[in-house]
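# Coordinates in review
Each chain, letter by letter, is given below.
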Amino acid sequence: MEARAYLRNVRIAPRKVQIVLDLIRNKSTEVALATLQSTPKAACECLEKLLKSAIANAENNHGMDKDNLYVAECFVCPGPTLKRIMPRAQGRAFRILKRTSHITIVLKEKE
């Protein structure tokens, strides 16, 4: 039995999210929440909200025990990229890529 939560089209680059996800993988939900609250990264705010959503899904939809949950899987995939133009010298234009992310968290119960 597993509980999942998804967060789509987040306006933060996947490589920045991946750094934080590596910190909470295979940790209990209490430790993961504490880690997210004490880590000064931009991705922590949306990941904390997503983790709380996954915990609520496990508790309400699957009847799992909140105290025995751990982060079994967590991964990020690149979403659509917003392409913008930055004017440069002598009439040139450089492209700016504003990347987005699709984040997934999977919780399971300890045996």
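### Thoughts on a negative patch on the surface
- On the surface, Glu30, Glu59, Asp65 and Asp67 cluster together into a negatively charged patch.
- Note that Asp65 resides in the loop between α3 (43-61) and β2 (69-78).
- Assessed through its relative accessible area of 34%, Asp65 is described here as partly exposed.

### Let's talk about the packing of helix α1 (residues 14-24) against helix α2 (residues 29-38)
- Between α1 and α2, whose axes approach to 9 Å, the crossing angle comes to 140°. If you check the angle between α1 and α2, you find them oblique. The handedness of the crossing between α1 and α2 comes out as right-handed. Residues Val20, Leu23 and Ile24 of α1 form the contact with α2, whose own contacting residues are Ala32, Thr35 and Leu36.
- Classifying every residue of the contact of α1 with α2 by side-chain character gives five nonpolar, one polar and no charged.

### A few points about the environment of Lys16
- Mapped onto the elements, Lys16 comes out in helix α1.
- Along the chain, Lys16 and Val76 lie 60 residues apart, while their C-alpha atoms are 9.9 Å from each other.

### Examining the pairing of strand β5 (residues 101-109)
- In terms of residue burial, β5 counts as a mostly covered element, since seven of its nine residues are buried.
- In the sheet, strand β1 (residues 2-10) pairs with β5 via seven bridges, with the strands oriented antiparallel. In the sheet register, Arg4 faces β5, and the bridge partner there is Val106.

Thresholds, definitions, all that
- Residues numbered from 1 in each chain as written.
- Predicted model: local features only at pLDDT ≥ 70, side-chain atom pairs only at ≥ 80, totals over all residues.
- Heavy atoms only, no water.
- Patch = residues over 30% accessible without salt bridge, like charges linked within 9 Å, V, L, I, M, F, W, Y side chains within 5 Å.
- Areas by Shrake-Rupley, 256 points an atom, 1.4 Å probe, with all protein chains shown as cover.
- Salt bridge = Lys/Arg side-chain N within 4 Å of Asp/Glu carboxyl O.
- Lys, Arg positive; Asp, Glu negative; His and termini not counted.
- Charge placed at Lys NZ, Arg CZ, Asp CG, Glu CD.
- Helix = DSSP H or I, 4+ residues; strand = E, 2+ residues; numbered from the N terminus.
- Buried < 20%, exposed > 50% of the residue type's maximum accessible area, 1.4 Å probe, protein only.
- Axes fitted to C-alpha atoms, helices over the stretch in contact; angles between N-to-C directions.
- Parallel < 35°, antiparallel > 145°, perpendicular 65-115°, else oblique.
- Left-handed = near helix turned anticlockwise from the far one by under 90°.
- Contact = heavy atoms within 4.5 Å.
- Nonpolar A, V, L, I, M, F, W, Y, C, P; charged D, E, K, R; others polar.
- Pairing = 2+ DSSP bridges.

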